[in-house]
Amino acid sequence: MSTAATPMTTGKTLGYKTHAIGSFQFGRDEYFAHIHYPGGRHIMQVDAFLRALMRDVAWGFFYGTVNFDTVFGTVNHYGTVEMFIGLFNEGYRANNRHFVETFEAKDLKAVFEGMLEDWTNEGFDPFAAPDETGTVYGAKKGNNSKAIKRQRLIANRMVGLPGDLTFRTEPLNRQFQDVPTDKPEVHAEKGFENEVHAFNFFDYVCRSDVTWNPSVVSCVKDSQFCATTEEHVLPITHGNDRVEWFIQATDEIIWDVDDRATGRPRAKVTMKAGDVAAMPADIRHRGYSPKRSLLIVWENNDASLPQQYASGKLTPYPVAF
Amino acid sequence: MSMQKTTFGSLENFEKGSVQVIDDNPKHYAFSNVFEVASKSKPYEKVAVGKNLKYVIEAVRAEGTSPWFAAAHDEATLVMDGEIEIHFVKPDQPPVPEGKEGTVRLSAEPKGKSMGWVKVRRGHMALLPKGSAYQFRNTGKPGVLMVQTIQGENTVEKWSEICQIKP
Ligand SMILES: [Fe+2]
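Residues numbered from 1 in each chain as written. Chains lettered and ligands numbered in written order. Predicted model: local features only at pLDDT ≥ 70, side-chain atom pairs only at ≥ 80, totals over all residues. Heavy atoms only, no water.

**Remarks on the pattern of salt bridges**
Residue and element names in this part refer to chain A.
Okay, step 1: Tallied over the full model, the rule gives 39 salt bridges over all chains.
Okay, step 2: In this structure, Arg 51 engages Asp 47 in a salt bridge whose closest nitrogen and oxygen atoms are separated by 3.8 Å. Of this pair, Arg 51 and Asp 47 are both found in helix α1 (residues 46-58), 4 residues apart, which corresponds to roughly one turn of the helix. The same class applies to Arg 51 as to Asp 47, namely buried. (Salt bridge = Lys/Arg side-chain N within 4 Å of Asp/Glu carboxyl O. Helix = DSSP H or I, 4+ residues; strand = E, 2+ residues; numbered from the N terminus. Buried < 20%, exposed > 50% of the residue type's maximum accessible area, 1.4 Å probe, protein only.)

**A closer look at empty space enclosed by the protein**
Residues and elements named next belong to chain A.
Okay, step 1: What the rule picks out here adds up to 4 cavities of 30 Å³ or more.
Okay, step 2: Together, 15 residues line the largest cavity, and Pro 214, Leu 234, Trp 255, His 285 and Val 297 are the ones closest to its centre.
Okay, step 3: Secondary-structure elements contributing two or more residues to the lining of the largest cavity are β12 (223-233), β14 (244-248) and β18 (283-300).
Okay, step 4: Sorting elements by how many residues they give to the lining of the largest cavity places β18 first, with 3 residues.
Okay, step 5: Class assignment for the residues of the lining of the largest cavity results in 10 nonpolar, 3 polar and 2 charged.
Okay, step 6: For the second largest cavity, the calculated volume is near 40 Å³.
Okay, step 7: Forming the boundary of the second largest cavity are Arg 51, Arg 55, Pro 126, Ala 128, Ala 129, Pro 130, Thr 211, Trp 212, Glu 231, His 232, Val 233 and Pro 235.
Okay, step 8: Those elements that place two or more of their residues in the lining of the second largest cavity are α1 and β12.
Okay, step 9: Per element, the largest residue contribution to the lining of the second largest cavity is 3 residues, and it comes from β12.
Okay, step 10: Per-class residue counts for the lining of the second largest cavity are 7 nonpolar, 2 polar and 3 charged.
Okay, step 11: Both domains that furnish three or more residues to the lining of the second largest cavity are identified here as domain 1 (2-148) and domain 2 (152-321). (1 Å grid on protein atoms, 1.4 Å probe; cavity = no way out; pocket = protein on both sides within 12 Å on 5 of 7 lines; lining within 4 Å. Points joined across faces, edges and corners; volume = space filled by probe spheres on them. Nonpolar A, V, L, I, M, F, W, Y, C, P; charged D, E, K, R; others polar. Domains from an automatic or database assignment.)

**Side note on the interface of chain A and chain B**
Okay, step 1: The interface is formed by 74 residues belonging to chain A together with 70 residues belonging to chain B.
Okay, step 2: For the pair chain A and chain B, the two sides together bury roughly 6100 Å², of which 62% comes from carbon and sulfur.
Okay, step 3: At the surface where chain A touches chain B, the tally comes to 7 salt bridges.
Okay, step 4: Between Glu 195 of chain A and Lys 90 of chain B there is a salt bridge, and its shortest N-O distance comes to 3.6 Å.
Okay, step 5: Of the residues forming the side of chain A that touches chain B, the biggest block, 8 residues, is contributed by strand β16 (residues 265-272) of chain A.
Okay, step 6: In terms of residue class, the side of chain A that touches chain B is built from 44 nonpolar, 13 polar and 17 charged.
Okay, step 7: Pairing of strand β17 (residues 275-279) of chain A with strand β2 (residues 32-33) of chain B involves 2 bridges; the strand directions are antiparallel. Paired with Asp 275 of chain A across the bridge in β2 of chain B is Asn 33 of chain B. (Contact = heavy atoms within 4.5 Å. Buried area = accessible area lost by both parts, 1.4 Å probe. Pairing = 2+ DSSP bridges.)

**Some thoughts on the side chain of Thr 250 of chain A**
Okay, step 1: Relative to the helices and strands, Thr 250 of chain A resides in the loop between β14 and β15 (252-259).
Okay, step 2: Among the polar contacts listed, one links the side chain of Thr 250 of chain A to the side chain of Asp 251 of chain A, at a separation of 2.7 Å.
Okay, step 3: Once residues within four sequence positions are removed from consideration, Thr 250 of chain A is found in contact with Phe 176, Ala 273, Ser 293 and Leu 294 of chain A together with Thr 6, Thr 7 and Phe 8 of chain B. (Polar contact = N/O pair within 3.5 Å; in protein donor to acceptor, adjacent residues only side chain to side chain.)

Given below as structure tokens:
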């Protein structure tokens, strides 16, 4: 039964290493990532796996659950991380086929970073939209360290304030060439330059060279506006451990919303420019953006929330009416 | 390279999406549209379109000149439509007690020092800094602002009027 006890040889002749932590082993070949765990194996297309892995690494395991697909993923406990097979899959759970192991976040992050570095070939950018990047299939060929070292950007107060996150110098994305780049007029009296502040938020976000990577732009205490440009499919299915909100600033995203625990479909949410919607604390969601679009993910960064939702102290729905 | 046009919304021209329910209640998503909300609001009415415990996002119809507002914490505003000036004053006396949350409406322009002003258009974000008083001025067509703040005495909640209720 113990598949993982046998050292994996997957991909060795192709130049890829296998990576292991606890009783999980990961191997890749030309097309697939193979995950071996006590009790079985799981398989994913390697491009989808690397795009999901990129977000999990860059976000430090994010809020709640990062589902790579309907079977494999991680749950962030902010210090420790659970890596799982089938934990949020009705079929696996009903038949006791799920497997979970807990790791120190820093240990798992190190293994994930090593795997990402090893398996990402030259010319493939797991943060880019598929139309903007090359293929990752085939034998090992070079690397793309620069692309995978990008971190989630976090403003302390607001982008552009002295000492805070600086403006992006990248060009407007190819699909945002028609977004106005005009600057606001700022007339600060002497001594108030740090407070009288405005900037072109749309222009700033539309210069992002990554997709599905919310970065904090403005904060009101624990209230964070996390802006991101989206194109193609969200590479993970995010399982909420708190309520989050979406504000669609341009274009359109269609969200699949499924039950967080079972994966059963609950709704499809179509959001157009100006639409605002909550994502309850008991769902998972995956977005589809036909054209690159500007999305504001609005988060509450209060560290006590996961426990309050998990214990039932807070209802998963943000407003009662 | 093919280039698709970027779609923005405005007060005159917006399309609203929807929640297509499979096994859920649409109220769980509190689905609204800031342009639709502002199209039915009074000038500078602060209508909550997002609420995460004490934090809110308000949709504001920016038409004419607003009252003077202040808060004891930072707030931020993002212009979704129109062109608006925001004027800032550092009041001689703190306009809002420390620790009070949400936007407070002042009865008049407070005595104090001018901090300056900004002119912002669609896509621009401005800081509404803690401890300042500020006033929105719009001499053009009505605009739409989103305000990132904390729920306060001026936050208007009318969810059943603004949100999708029927599956
Ligand atoms: Fe999410």
